[in-house]
Amino acid sequence: MEKIDILSLTKDELAAEIEKMGEKSYRAKQIYDWLHVKKATDFSQMSNLSAQFRDKLSEKFCIKSLKIKKRLVSKVDNTVKYLYGLPDGEAVESVLMEYHHGNSLCISSQVGCKMGCRFCASTIAGWVRNLEPSEMLLQIYETERDSGRHVDSIVMMGIGEPLDNFDNVVKFLTILNSGGEGMSLRHLSLSTCGVVDKIYKLAELKLGVTLSISLHAATNEKRSAIMPINNRFNLQTLMKACDDYFKITGRRISFEYSLIEGVNDTDESADELIALLGGKNCHVNLIPINEIKERDFKKSRFVERFQKRLTDAGLNATVRRTLGADISAACGQLRRDDAEN
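Quantities reported herein were computed from a predicted structural model and do not represent experimental measurements. The residue count restarts for each chain, going from 1 along the sequence in the order it is written. Thresholds applied to this predicted model are a pLDDT of at least 70 for local features of residues and 80 or more for the giving and counting of side-chain atom pairs; totals over whole chains, interfaces and linings are not thresholded and use all residues. Just so you know, side-chain values use all the structure's heavy atoms and leave hydrogens and water out.

> I'd like a rundown of the packing of helix H6 (residues 196-205) against helix H8 (residues 235-249), residues and numbers included.
Axes here refer to lines fitted to C-alpha atoms; in helices the fit is confined to the stretch in contact. Angles between the N-to-C directions go from 0 to 180 degrees. Each helix corresponds to a stretch of at least 4 residues labelled H or I by DSSP, and each strand to a stretch of at least 2 residues labelled E; elements are numbered beginning at the N terminus. Where H6 meets H8, the axes come as close as 9 Å, and the angle between the chain directions of the two elements is 5°. By the angle between their axes, H6 is roughly parallel relative to H8. Side by side, H6 and H8 meet where Val-196, Ile-199, Tyr-200, Leu-202 and Ala-203 of the first sit next to Thr-237, Leu-238, Lys-240, Ala-241, Asp-244, Tyr-245, Ile-248 and Thr-249 of the second. Polar here means any residue outside two lists: the nonpolar Ala, Val, Leu, Ile, Met, Phe, Trp, Tyr, Cys and Pro, and the charged Asp, Glu, Lys and Arg; Gly therefore counts as polar. A per-class count over the contact of H6 with H8 returns 9 nonpolar, 2 polar and 2 charged. For classification purposes, an angle smaller than 35 degrees is called roughly parallel, one larger than 145 roughly antiparallel, one from 65 to 115 roughly perpendicular, and anything else oblique. By definition in these notes, contact holds between two residues if any of their heavy atoms fall within 4.5 Å.

Below, the structure written as structure tokens:
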């Protein structure tokens, strides 16, 4: 019989499993604290449980782990990029970044990606599978163990489209936010290319997460050329979903806009963005694009001019600080290079 992935169980699910074993319900809380507060990696470490009970647990459950395949440390800004090996031999990336407000970890939600955004390295090798809740949690736990640094905030902006792995992501968020030293989901940002039906499902849950929309163009023609998702959910549909998300949750939307030379960085493109977002309670995060060898897209030389045009029009627009430039910290590059070797 295949063992149950215990790190992927919510607190209620774990309690139900422990009760099936004929144990008292408080045992579930003890185990949960060992797993998600003390970050135990083996049942033998759970010293306040009897040896007999620990043996029963190890027969029924497994505690998954990730292996560090590669670790790159920036000499410039202390950014650390991890390539984590999964139990089935696949790999995903996480990036630990240091800011004045604390340490932020960018995690992956899938092995590969289906979305096909033309400027992104994550999608080039295609989609393999969804990550389990445990595999998302372990990116946090293993990073804290290895780095000795506490993760203060999470960005779901690594490999994969989080809303394409909706059920597992929601379960991951539930576990992350539960009891003990659980993280407030107000410290978590979830980035999506615009899977509109799942945006509504997320809004209904009122989890408190910050929604970041990968926008990158402000007309349907331009956006469809670089982001196939726009052919399924066009800008008008996406903007209505964003407005409704704000009405339902009260959480301000962040729009990510990667500037590509000659594609979306002109004054005309800035004016189109102003027309699309003007009057909305939102933030625009301008991102100098990461150049990848498979595409001929070039980093814009006009980032500051583009930003000024937006701010002069009343939009709240900032330029994302570039971290880990000396270690290829852009999403997907390390996994792609590893797969080629």
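> Any details on the nonpolar core? Residues and values, ideally.
Put simply, buried Ala, Val, Leu, Ile, Met, Phe, Trp, Tyr and Cys residues joined by side-chain atoms within 4.5 Å make one nonpolar core. Accessibility here uses a 1.4 Å probe with only protein chains present; expressed as a share of the type maximum, an area under 20% marks a residue as buried, one over 50% as exposed, and anything in between as partly exposed. Ile-31, Ile-154, Met-156, Phe-172, Leu-277 and Leu-310 are the most contacted members of the largest nonpolar core, which has 96 residues in total. Among the elements that take part in this core, helix H5 (residues 166-176) stands out by supplying 7 residues, more than any other. Residue contacts for Leu-310: discarding those within four places in its chain leaves Ala-270, Leu-273, Ile-274, Val-284, Leu-286, Leu-315 and Ala-317.

> Describe helix H9 (residues 267-277), and please don't skip the residues or the numbers.
Every buried residue of H9 is listed here: Ser-269, Ala-270, Glu-272, Leu-273, Ile-274, Leu-276 and Leu-277. Packing partners of the buried residues in H9 comprise helix H7 (220-226), H8, strand S12 (253-259), strand S13 (282-288) and helix H10 (303-312). A positive backbone phi angle near 90° is found at Gly-279, which sits one or two residues after H9.

> Describe the side chain of Ser-269, with residues and values.
In this structure, Ser-269 sits in helix H9. The exposure class of Ser-269 is buried, given its relative accessible area of 1%. Residues contacting Ser-269, with those up to four places away along its chain left out, are Lys-222, Tyr-257, Val-263, Asn-264 and Phe-306.

> An account of the state of the cysteines is needed here, citing residue identities and associated values.
Throughout, a disulfide means two cysteine sulfur atoms within 2.5 Å of one another. Applying the stated criterion across every chain, the model contains 0 disulfides. For Cys-242, which is in no disulfide, the shortest distance to another cysteine sulfur is to Cys-282 and amounts to 9.1 Å. Take Cys-242: its relative accessible area is 3%, and that puts it in the buried class.

> Please give an account of the side chain of Gln-110 that cites residues and values.
Structurally, Gln-110 can be placed in strand S7 (residues 110-111). When its relative accessible area of 0% is taken as the criterion, Gln-110 is described as buried. Polar contact criterion, stated in full: a pair of N or O atoms within 3.5 Å, where within protein one must be able to donate a hydrogen and the other to accept it, and residues adjacent in sequence count only if both atoms are side-chain atoms. Reaching out from Gln-110, the side chain makes a polar contact with the backbone nitrogen of Glu-161 at a distance of 2.9 Å. Discounting chain neighbours no more than four positions away, the residues touching Gln-110 are Val-92, Trp-127, Arg-129, Asn-130, Leu-131, Ile-159, Gly-160, Glu-161, Asp-164 and Asn-165.

> Pulling in residues and values, what's your account of the packing of helix H1 (residues 11-20) against helix H2 (residues 26-36)?
Running from N to C, H1 and H2 cross one another at 125°; their axes reach a closest spacing of 8 Å. For the element pair H1 / H2, the angle class is oblique. The two elements H1 and H2 cross, and the hand of that crossing is right-handed. Across the interface between the two elements, Lys-11, Leu-14, Ala-15 and Ile-18 from H1 touch Arg-27, Ala-28, Ile-31 and Tyr-32 from H2. Handedness of a crossing is defined here by the sense of rotation of the near helix relative to the far one, left-handed for an anticlockwise turn of less than a right angle and right-handed for a clockwise turn.

> With reference to specific residues and values, describe the pattern of salt bridges.
What counts as a salt bridge is simple: a side-chain nitrogen of Lys or Arg found within 4 Å of a carboxyl oxygen of Asp or Glu. Evaluated as defined, the whole model comprises 23 salt bridges. For Asp-33, the salt bridge is made with Lys-29, and the minimal N-O distance between the two is 2.9 Å. Highlighted residues: Asp-33 and Lys-29, both in helix H2, separated by 4 residues, approximately one helical turn. Here Glu-144 makes a salt bridge to Lys-39, at a shortest N to O gap of 3.9 Å. Remark: Lys-39 occurs in the loop between H2 and helix H3 (51-60) and Glu-144 occurs in helix H4 (residues 133-147); sequence separation between them is 105 residues. The two residues Glu-144 and Lys-39 agree in class, both being buried. Salt bridges sharing partners connect three or more residues here, namely Asp-267, Asp-271, Arg-305 and Arg-309.

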